[in-house]
Amino acid sequence: MTARTHDLAAITALALVAVMQPIPVLTLSTVLLALLANQIGGIAPDIDQPTAPLRRNLPIGHIFGKLFDLLSGGHRFLSHSLIGVVLFGLLAHLLLGALQPLMPHVDTQIVLLAFMIGVLSHLVMDTFTKEGVPWLLPIPVKFGIPPIKKFRVTTGHWAEHLLVIPLLLLCDVALIASRYDQLLAYIHHQLIR
Ligand SMILES: [Zn+2]
């Protein structure tokens, strides 16, 4: 899938998890950082691609990407597996732990959770593409939904733009509508004071 679809899928997954539980009391800085972390998580597994947005947009992305190529074994490999998810989680946990003293008002557990939801949403979305995802590395099998390859989505082709993106947008609208009143009350009482 393209980076735009992954961004949208990450926020949709975050919204889905958020509506399934009572809205916690969060500071504005936690909400903003969680949204940012969720979007970074949503495209993080594609750091194994030379054209990855993280590589192009972050100053150290290029160097990090090259190093990652050496360690990850190429595109749709380590970063697109459950082992990769755990490694991303560990890295994010360490980074947030180091940054916590600088941002005492941020709930880093929520930020980490939002990041991990983004990472997982990426793998789920890529599972619908022709290439599939090697979820269970080191078992070298790429899984895909549906199992027959020709019915899966080709990255950047019409099905992604005309089916996947509208469906994700529809999900977002439905999720927001399902908790609209609470969301408005939350913004008024918790975020804008
Ligand atoms: Zn990917």
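The following refers to the structure shown. These numbers come from a predicted model, not from an experiment.

### With respect to the overall build of the protein
Part 1: Looking only at helices and strands, the protein features eight helices and zero strands.
Part 2: Helices (α) and strands (β) of the protein occur, in sequence order from the N terminus, as α-α-α-α-α-α-α-α.
Part 3: Counting only residues that meet the buried cut, the protein has 31% of its 193 residues in that class.
Part 4: Residue pairs in contact within the protein that sit at least 24 positions apart in sequence constitute 71% of those at least 6 positions apart.

### Thoughts on the packing of helix 1 (residues 3-19) against helix 6 (residues 108-127)
Part 1: Packing of helix 1 against helix 6 brings their axes to within 8 Å, and their N-to-C directions diverge by 120°. Regarding the angle of helix 1 to helix 6, the classification is oblique. When you trace helix 1 past helix 6, the crossing you get is right-handed. Contacts between helix 1 and helix 6 involve Thr5, His6, Ala9, Ala10, Ala13, Leu14 and Val17 from the first element and Ala114, Ile117, Gly118, Ser121, His122 and Met125 from the second.
Part 2: Of the residues assigned to the contact of helix 1 with helix 6, the class counts are eight nonpolar, five polar and no charged.

### Points about the packing of helix 2 (residues 28-43) against helix 6
Part 1: At a minimum axis distance of 7 Å, the contact between helix 2 and helix 6 shows a crossing angle of 25°. The orientation of helix 2 with respect to helix 6, classified from their angle, is roughly parallel. Between helix 2 and helix 6 lies a crossing whose hand is right-handed. Of helix 6, the residues touching helix 2 (which contributes Thr30, Leu33, Ala34, Ala37, Asn38, Gln39, Ile40, Gly41, Gly42 and Ile43) are Ile110, Val111, Ala114, Phe115, Met116, Ile117, Gly118, Val119, Ser121 and His122.

### Focus on the environment of Leu33
Part 1: Inspection of the secondary structure assignment puts Leu33 in helix 2.
Part 2: Residue classification places Leu33 among the buried positions, given that 23 C-beta atoms sit within 10 Å.
Part 3: Between the C-alpha atoms of Leu33 and Leu112, which are 79 residues apart in sequence, the distance is 9.6 Å.
Part 4: Those residues in contact with Leu33 that sit more than four places away from it in its chain are Val106 and Val111.

### A look at helix 5 (residues 82-99)
Part 1: In this model, helix 5 (18 residues) spans 26 Å end to end at C-alpha, consistent with the 26 Å of a helix rising 1.5 Å per residue.
Part 2: The complete set of buried residues in helix 5 reads Gly84, Val85, Phe88 and Ala92. Buried residues of helix 5, seen end-on, are gathered within an arc of 100° and therefore sit on one face of the element. Of the exposed residues in helix 5, the ones pointing more than 90 degrees away from its buried face are Val86, Leu90, Leu94, Gly97 and Ala98.

### Structural notes on the nonpolar core
Proteins that are soluble and globular tend to have nonpolar side chains buried together.
Part 1: Core analysis: the biggest nonpolar cluster contains 28 residues, and Leu14, Val111 and Ala114 have the highest contact counts within it.
Part 2: Counting only elements with at least two residues in this core, the list comes to helix 1, helix 2, helix 5 and helix 6.
Part 3: Among residues more than four places away in sequence, those in contact with Val111 are Thr30, Leu33, Ala34, Ala37, Leu96 and Val106.

### With respect to helix 7 (residues 158-178)
Part 1: Taking 1.5 Å of rise per residue, the 21 residues of helix 7 would be expected to cover 30 Å, and the 29 Å separating its terminal C-alpha atoms lies within 8% of that figure.
Part 2: Of all 21 residues making up helix 7, only one are buried, and the element is barely covered by its neighbours.

### Remarks on unusual backbone geometry
Part 1: With omega at 10°, the peptide bond leading from Leu137 into Pro138 counts as cis.
Part 2: With respect to the helices and strands, Pro138 occurs in the loop between helix 6 and helix 7.
Part 3: Note that the residue after Ile145, namely Pro146, is joined by a cis bond; omega there is -10°.
Part 4: Relative to the assigned elements, Pro146 resides in the loop between helix 6 and helix 7.

### Here we look at the environment of Pro24
Part 1: Here Pro24 lies in the loop between helix 1 and helix 2.
Part 2: Each C-alpha atom, one on Pro24 and one on Tyr186, is 9.5 Å from the other, the two residues being 162 residues apart in sequence.

What counts, and at which threshold
- Residues numbered from 1 in each chain as written.
- Predicted model: local features only at pLDDT ≥ 70, side-chain atom pairs only at ≥ 80, totals over all residues.
- Helix = DSSP H or I, 4+ residues; strand = E, 2+ residues; numbered from the N terminus.
- Buried ≥ 20, exposed ≤ 12 C-beta atoms within 10 Å, placed from the backbone.
- Contact = placed C-beta atoms within 7 Å.
- Axes fitted to C-alpha atoms, helices over the stretch in contact; angles between N-to-C directions.
- Parallel < 35°, antiparallel > 145°, perpendicular 65-115°, else oblique.
- Left-handed = near helix turned anticlockwise from the far one by under 90°.
- Nonpolar A, V, L, I, M, F, W, Y, C, P; charged D, E, K, R; others polar.
- Expected span 1.5 Å × (residues − 1).
- Arc of directions from axis to C-beta.
- Core = buried A, V, L, I, M, F, W, Y, C linked by C-beta atoms within 7 Å.

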